[in-house]
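Here's the letter readout for the chains.
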Amino acid sequence: MSLFSWQERPSAALQEAGVIGPDERLPWPQTTAMGLQHVVAMFGATVLAPILMGFDPNLAILMSGIGTLIFYFITGGKVPSYLGSSFAFIGVVIAATGYAGSGPNTNIGVALGAIIACGLLYTLIGVAVQAVGTGWIERFMPPVVTGSVVAVIGLNLASIPIKNMAASNFDSWMQAVTFISVALVAVFARGMVQRLLILVGLALATVIYLVLTNGMGFGKPMDFAGIANAAWLGWPKFTAPVFEGNAMLLIAPVALILVAENLGHIKAVTAMTGRNLDPYIGRAFIGDGIATMVSGSAGGTGVTTYAENIGVMAATRIYSTAVFVVAACVALVLGFSPKFGALIQAIPLPVMGGVSIVVFGLIAIAGAKIWVDNKVDFTDPVNLLTAAITLVLGTGDFTLKFGSFALGGIGTATFGAVLLHALLRRRS
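Residues numbered from 1 in each chain as written. Predicted model: local features only at pLDDT ≥ 70, side-chain atom pairs only at ≥ 80, totals over all residues. Heavy atoms only, no water.

Participant: I keep staring at the overall build of the protein chain and nothing clicks. Help me out?
Facilitator: Broken down by element type, the protein chain carries 20 helices and six strands. Its C-alpha radius of gyration of 21 Å places the protein chain within 12% of the 22 Å reference for a compact globule of 428 residues. In terms of principal-axis extent, the alpha carbons of the protein chain reach across some 70 × 50 × 45 Å. The 428 residues of the protein chain split such that 57% are buried. If you take every contact in the protein chain between residues at least 6 apart in sequence, the share linking residues at least 24 apart comes to 80%. Taken together, the 20 basic and 17 acidic charged side chains of the protein chain have centroids lying 3 Å from each other. (Helix = DSSP H or I, 4+ residues; strand = E, 2+ residues; numbered from the N terminus. Rg over C-alpha atoms; globule rule 2.2 N^0.38 Å. Buried < 20%, exposed > 50% of the residue type's maximum accessible area, 1.4 Å probe, protein only. Contact = heavy atoms within 4.5 Å. Lys, Arg positive; Asp, Glu negative; His and termini not counted. Charge placed at Lys NZ, Arg CZ, Asp CG, Glu CD.)

And the structure:
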């Protein structure tokens, strides 16, 4: 199987009901609707990560669409994934640039050069996997490790909506209204409405919020002035990279975290679809690595396959890669539309927080599903302690510092899971 043989992909077979596989698709109207839902699912994190690093959110959206299309073509349309801004870069980018936490990052070029170096390292790992197979990675990252890493990502991100998206008691109640709305749609709705549970639940909760705030005076009212004043079309802010040695040494090792994330995501999709995606792991790493380099070269964040969208697939049972092509094309258009950015920013923060609670929870469950589907034996103390310690490291955001370098919760959990399992399995 050649590396760039995306012509291997047959035309997606039309399927109108049941589980939709990667090489199948719904009718185009439903496929488009599902693509929009995936845009909503990725939007919060894809925008939040650049904001936390001082990057341009609209450019991050644009590069997520470009990156997803790069990934699609390099994997031959076989791996259903969306590429969005990676949270694994936040800590090291802040450390490398000295970002103060608000406004544009004035030292962004240094981070961009290092992000490109990270993408190059990631790509080289993918080339090695493509050449010699995944056995050496799977020895270090068996299901107990990958399941733990995937679960930790969801649990680590959980603090974002809980702590940062509810400024008052009313906001907390609106988060509850939102995730209950999504859950009710998922359980009691039928047909396409049920499959659009994230979009429908978000819309329903937004209407409730509008009535309670603008209509009845509870909480912070929705402000539509930004939507009215924003231009329909506009260029995002492109920035040139600067290659600086210390920053590259600090940020390039994030590639190892991305490898673990991507491997875990592919294992999760394999478990959900019943399709063996192992032959495409190397190509997935290469696609993600090249997408990260392209994003960094234009001023965007490093990207990764998104567990948020895997959560949506788990809820909808639609794994069609055609959906992600639609989502990517929508992101390309939206990346050039300040009007859309203003529309999304008008969605109440607690409503986005409630949706995030659902999606991040689905990520954590996807990690647990890897354990279940691979029949991980937790009576074995190696597996038990690897998973137990990893979960607490990531959920508690355990941080280790090496001089000016800080390895945060997801990083310590990822490396901890790999190293701890390698150490413990050497028992006699």
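Further notes follow.
Participant: Looking at this structure, how should I read the confidence of the model for the protein chain?
Facilitator: In low-pLDDT regions, the fine details of the predicted coordinates are not to be read closely. Chain-level pLDDT for the protein chain is 84 on average; 92% of the residues reach the 70-or-more range. Considering each helix and strand of the protein chain separately, the mean pLDDT is smallest for strand E1 (residues 13-14), with a value of 65, and largest for helix H14 (residues 281-298), with 96. (pLDDT = per-residue confidence, 0-100.)

Participant: What exactly am I supposed to notice about a nonpolar patch on the surface here?
Facilitator: Residues Phe179, Ile180, Leu184, Val187 and Phe188 make up a contiguous nonpolar surface patch of roughly 490 Å² in combined accessible area. As for its position among the elements, Val187 is in helix H8 (residues 169-188). Residue classification places Val187 among the exposed residues on the basis of a relative accessible area of 51%. (Patch = residues over 30% accessible without salt bridge, like charges linked within 9 Å, V, L, I, M, F, W, Y side chains within 5 Å. Areas by Shrake-Rupley, 256 points an atom, 1.4 Å probe, with all protein chains shown as cover. Salt bridge = Lys/Arg side-chain N within 4 Å of Asp/Glu carboxyl O.)

Participant: Can you help me understand the side chain of Lys339 in this one?
Facilitator: For Lys339, the location among the structural elements is in helix H17 (residues 338-346). Despite its burial, Lys339 pairs with no opposite charge; the closest candidate is Asp223, at 12 Å N-O. A polar atom in the side chain of Lys339 sits 2.9 Å from the backbone oxygen of Ala230. Not counting chain neighbours up to four residues away, the residues in contact with Lys339 comprise Ile227, Ala228, Ala230, Ala231 and Trp232. (Polar contact = N/O pair within 3.5 Å; in protein donor to acceptor, adjacent residues only side chain to side chain.)

Participant: What is the right way to read the nonpolar core from this model?
Facilitator: Nonpolar side chains in soluble globular proteins tend to be buried together. Counting residues in hydrophobic clusters, the biggest one holds 83 residues, and the most contacted among them are Phe55, Phe87, Phe89, Met141, Ile251 and Phe285. If you tally residues by element for this core, the top one is helix H13 (residues 254-273), at eleven residues. Beyond its immediate stretch of four places on either side in the chain, Phe87 contacts Ala45, Leu48, Ala49, Leu52, Leu157, Ile160 and Tyr306. Judged by nonpolar contacts, the second largest core, of 19 residues, contains Phe170, Ile198, Leu202 and Val351. (Core = buried A, V, L, I, M, F, W, Y, C linked by side-chain atoms within 4.5 Å.)

Participant: For this particular structure, what's the right way to read unusual backbone geometry?
Facilitator: Peptide bonds are mostly trans, and most non-glycine residues show a negative phi. Not every positive phi belongs to a glycine, and Arg317 is a case in point at roughly 60 degrees. Topologically, Arg317 is positioned in the loop between helix H15 (307-316) and helix H16 (321-335).

Participant: Explain the side chain of Thr123 to me, please; I cannot follow it from the model alone.
Facilitator: Checked against the element boundaries, Thr123 lands in helix H4 (residues 108-132). When its relative accessible area of 10% is taken as the criterion, Thr123 is described as buried.

Participant: Just to check I follow, could you spell out the pattern of salt bridges for this structure?
Facilitator: Where charged atoms from two side chains of opposite charge approach closely, those side chains can pair. By the definition in use, this model includes two salt bridges. A salt bridge links Lys267 to Asp278; the nearest nitrogen and oxygen atoms lie 3.2 Å apart. Here the residue Lys267 occupies a position in helix H13, and Asp278 occupies one in the loop between H13 and H14, the gap between them amounting to eleven residues. Given a relative accessible area of 24%, Asp278 falls into the partly exposed group.

Participant: Just to check I follow, could you spell out the packing of H13 against H14 for this structure?
Facilitator: Helix packing geometry: the angle between the two helix axes and the distance between the axes. One can describe the packing of H13 onto H14 by two numbers: an axis separation of 10 Å at closest approach and a directional angle of 130 degrees. When the axes of H13 and H14 are compared, the pair comes out oblique. Where H13 crosses over H14, the handedness of that crossing is right-handed. Where H13 abuts H14, its residues Val259, Asn262, Leu263 and Ile266 lie against Ile281, Ala284, Phe285 and Asp288. Across the contact of H13 with H14, the residue classes break down as six nonpolar, one polar and one charged. (Axes fitted to C-alpha atoms, helices over the stretch in contact; angles between N-to-C directions. Parallel < 35°, antiparallel > 145°, perpendicular 65-115°, else oblique. Left-handed = near helix turned anticlockwise from the far one by under 90°. Nonpolar A, V, L, I, M, F, W, Y, C, P; charged D, E, K, R; others polar.)

Participant: What am I meant to see in the packing of aromatic side chains here?
Facilitator: Both the distance between ring centres and the angle between the ring planes are used here to describe each pair of aromatic rings. As enumerated under the stated definition, the model contains six aromatic pairs in all. Here Lys339 stacks its cationic end above the ring of Trp232, 5.0 Å away from the centre of that ring. (Phe/Tyr/Trp six-rings, centres within 6.5 Å; stacked < 30°, edge-to-face > 60°. Lys NZ or Arg CZ within 6 Å of the ring centre and 35° of its normal.)

Participant: Would you explain H4 in this entry?
Facilitator: Each α-helix turn comprises 3.6 residues. Residues three or four places apart therefore point the same way. The end-to-end C-alpha distance of H4 is 36 Å, a good match for the 36 Å that 25 residues give at a rise of 1.5 Å each. Backbone geometry just after H4 places Gly133 at a positive phi near 95 degrees. (Expected span 1.5 Å × (residues − 1).)

Participant: How should I be thinking about H16 in this particular structure?
Facilitator: With 15 residues, H16 should cover 21 Å at 1.5 Å per step; its first-to-last C-alpha distance of 21 Å lies within 8% of that length. In terms of burial, H16 is a largely internal element, eleven of the 15 residues being buried. Along H16, the residues that are buried comprise Thr321, Ala322, Val323, Phe324, Val326, Ala327, Ala328, Val330, Ala331, Leu334 and Gly335.

Participant: Help me understand the environment of His38 in this model?
Facilitator: For His38, the location among the structural elements is in helix H1 (residues 28-53). Residue classification places His38 among the buried residues on the basis of a relative accessible area of 1%. For the pair His38 and Met352, spaced 314 residues apart in the sequence, the C-alpha separation amounts to 14 Å. Among the polar contacts listed, one links the side chain of His38 to the side chain of Asn309, at a separation of 2.9 Å.

Participant: Honestly, the environment of Leu263 in this entry has me stumped. Any pointers?
Facilitator: Inspection of the secondary structure puts Leu263 in helix H13. Note on Leu263: relative accessible area 0%, which makes it buried. Sequence-distant contacts of Leu263, defined by excluding residues within four places in its chain, comprise Ile137, Met141, Thr146, Ile281 and Phe285.

Participant: Explanation requested: the environment of Asp171 in the structure shown.
Facilitator: Mapped onto the secondary structure, Asp171 falls in helix H8. The spacing of Asp171 and Lys220 is 49 residues in sequence and 8.9 Å in space, taken between C-alpha atoms.

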